[in-house]
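Chains, contacts and geometry: an overview
The primary structure of each chain is shown beneath.
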Amino acid sequence: MASQVGVPTCLITGSCFSYWPMKKKTERPKQYQAYKNQLYGPFPGDITNLRSLAFLSLTENKISGSIPADIGKLRSLTMLSLSKNKLTGLIPTSVGNLTDLTDLVLYDNQLYGLTYLNLGDNNLSGNIPNELERAGSLEYLQLNDNSLNGTLSNSIAKLQHLKVLNLANNKFGGSIPTELGLLPDLHILLRSNKFTGSIPVEMMSMLQLRILDLSQNYLTGQVSRKVGNLKNLISKPNDTYRISNISAGDVQLKMVVKGISVPVQILLSYTSAIDLSCNNLSGNIPKEIGLLKGLYTVNLSHNRFSGHIPSSVGDMSG
C-alpha cells in the first residue's frame, strides 16, 4: 500500500475527495498532500476511517463545508493544514483530542469557535507561537507536561475568553506577564516552571479565579495585600462549577492536597486553592489572606516568609 499520496501544486480540479483512498483497507496513506490545487467540495464523513493518517495538507484549494465533528478520531495526525479554503462553521472541539498534533493551520477560512486545545503530555519544545492570539474563542488551553521554554508571550493575554490555562511542568522562564491578570474569565493558572520575579499584583483582581497554583518556580518578593480582593474566594459558592461541558474530553487538572496530587474534573463548592509553595517569596504573610473565607486550601510552604502568622488565618472557614 502507498504510505504517501502527494499531488501538490498541480492545478488539479474536481471534487476534493472523488478519489479519496479510504474505502479499501489496502489504500490508506499516512501522508496526503494536495495543496495549491483547485479541489472543491466538502469533506467526506468517513475521513475518520484513515486512523493511520499523520500528515494532511489541503491548503489553497476551494474546499467548502465544515470540518467533520469527529476529526479528533485521527489520533495519529501531527500536521493538519487546511488554510486558504472556503471552510465554514465551528472548529470541532474534538480537535483537542489530537494530542500528537504539532501543526494546526486553519487561517483564511470562515471558521470560528476553537474553544478547546489540549496538547498536554507530549514532547513539545520551543515557545508558544504568537499566532495563538488569533484563536480568540479559546477557553481551555492545556500545554502541560511538555518541554516548552522561553518567556511567556503576551499573546496569551489576548485570549479574552480563556478560562483554563494549564502550563504545568514545562520550562518557561522570565517574569509572569502582568497582562494575565486582566483576563476576566480565567479560573485556573498552573505550576512548575522556571518563572522568576514577583507575582503580578494584577492577578489579585481576577474575579473568577478559583485555583491559583504558582508552586515550584523561582518567584521572589512579597505577596501583595491585595490578595484579599480575590472575590471568588471570599465566600463559598452555592453551586458546582463544571470545568468542562465539552464532549471532546475532560480538562485535565490536578491539585496538590496534603501532598497528594488529585485530579479535578468538577469544581465543587470546596474546590479552591492558592499554592505558592517552593518559591523564594519573602516578607510577611499578608493579614488580608484571612478575608478569603471560601478558600479550601492554601500552601505557602518552602519559601522565606518572616514575621508572625496572621491571626486572621483563624477566620478562614474553608
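What you see is a predicted model; the values in this text were computed from it and never measured.

1. Things to note about the overall build of the protein
A count of helices and strands for the protein gives zero helices and 28 strands. When each of the 318 residues of the protein is scored for burial, the buried share is 48%. When contacts within the protein are restricted to residue pairs at least 6 apart in sequence, those whose partners lie at least 24 apart make up 55%. Put simply, the protein shows about 15,000 Å² of open surface, and 48% of that area lies on carbon and sulfur atoms.

2. Focus: the sheet that holds strand β19 (residues 211-213)
Hydrogen bonds between backbone groups are what pair the strands of a sheet, and the pairing can be parallel or antiparallel. Here we have seven strands laid out as an open sheet, ordered β11-β13-β15-β17-β19-β25-β27, and parallel in their pairing. For this open sheet the edge positions go to β11 (116-118) and β27 (297-299), each flanked by a neighbour on one side alone. When β19 meets strand β25 (residues 273-275), the two strands line up parallel, connected through three bridges. Its bridge partner lying in β25, aspartate 213 is registered against aspartate 275.

3. Topic: the sheet that holds strand β16 (residues 171-174)
In space, the seven strands of this open sheet follow the order β12-β14-β16-β18-β20-β26-β28, with parallel pairing throughout. Edge strands, defined here as strands with exactly one partner in the open sheet, are β12 (125-126) and β28 (304-305). With two bridges joining them, β16 and strand β18 (residues 194-197) adopt parallel strand pairing. When the bridges of β18 are listed, glycine 173 appears paired with lysine 194.

4. As for the layout of surface pockets
One way to see where empty space is left: roll a probe the size of a water molecule over the atoms. Roughly 940 Å³ of volume is contained in the largest pocket. Around the largest pocket sit 30 residues that line it, and Leu104, Val105, Pro129, Glu131 and Leu132 are the ones nearest its centre. Mapped onto the lining of the largest pocket, the elements with two or more residues apiece are β9 (103-105) and β10 (110-112).

5. Details of the pairing of strand β14 (residues 147-151)
Here two bridges tie β12 to β14, and the two strands are oriented parallel to one another. The partner of glycine 126 across the bridge, within β14, is leucine 148. Sheet analysis places β14 next to β16, joined by three bridges and oriented parallel. The residue bridging glycine 150 from the neighbouring strand is phenylalanine 172, located in β16.

6. Observations regarding the packing of aromatic side chains
Throughout the structure, instances matching the rule amount to one aromatic pair. Measuring from ring centre to ring centre gives 6.4 Å for phenylalanine 172 and phenylalanine 195, while their planes differ by 5°; the resulting arrangement is stacked. Here the residue phenylalanine 172 occupies a position in strand β16, and phenylalanine 195 occupies one in strand β18, the gap between them amounting to 23 residues. In this pair, the class of phenylalanine 172 matches that of phenylalanine 195, namely buried.

7. Re the side chain of serine 153
Considering the arrangement of structural elements, one finds serine 153 in the loop between β14 and β15 (164-166). Here serine 155 takes part through its side chain, which lies 2.9 Å from a polar atom of the side chain of serine 153. If near-sequence neighbours (up to four positions away) are discounted, serine 153 is found in contact with Asn130 and Pro177.

8. Considering the nonpolar core
One finds Leu141, Leu165, Leu180, Met203, Leu214 and Ile274 to be the most contacted residues of the largest nonpolar core, which totals 66 residues. Excluding residues within four positions of it along the chain, isoleucine 274 makes contact with Leu212, Val227, Leu230, Leu233, Leu292, Leu295, Thr297, Val298 and Asn299.

9. Some points on the environment of asparagine 123
Position of asparagine 123 among the secondary structure elements: in the loop between β11 and β12. By relative accessible area, which is 76% here, asparagine 123 ends up exposed. Between the alpha carbons of asparagine 123 and serine 147 there is a distance of 6.2 Å; along the sequence they are 24 residues apart.

10. Concerning unusual backbone geometry
One non-glycine residue with positive phi stands out, namely aspartate 121, at about 60°. Looking at where aspartate 121 falls in the secondary structure, it is placed in the loop between β11 and β12. Residue classification places aspartate 121 among the exposed residues on the basis of a relative accessible area of 62%. Of note in this structure, glutamine 216 is not a glycine but carries a positive phi near 60°. Tracing the sequence through the fold places glutamine 216 in the loop between β19 and β20 (218-221).

What counts, and where the lines are drawn
Residues numbered from 1 in each chain as written. Predicted model: local features only at pLDDT ≥ 70, side-chain atom pairs only at ≥ 80, totals over all residues. Heavy atoms only, no water. Helix = DSSP H or I, 4+ residues; strand = E, 2+ residues; numbered from the N terminus. Buried < 20%, exposed > 50% of the residue type's maximum accessible area, 1.4 Å probe, protein only. Contact = heavy atoms within 4.5 Å. Areas by Shrake-Rupley, 256 points an atom, 1.4 Å probe, with all protein chains shown as cover. Pairing = 2+ DSSP bridges. 1 Å grid on protein atoms, 1.4 Å probe; cavity = no way out; pocket = protein on both sides within 12 Å on 5 of 7 lines; lining within 4 Å. Points joined across faces, edges and corners; volume = space filled by probe spheres on them. Phe/Tyr/Trp six-rings, centres within 6.5 Å; stacked < 30°, edge-to-face > 60°. Polar contact = N/O pair within 3.5 Å; in protein donor to acceptor, adjacent residues only side chain to side chain. Core = buried A, V, L, I, M, F, W, Y, C linked by side-chain atoms within 4.5 Å.

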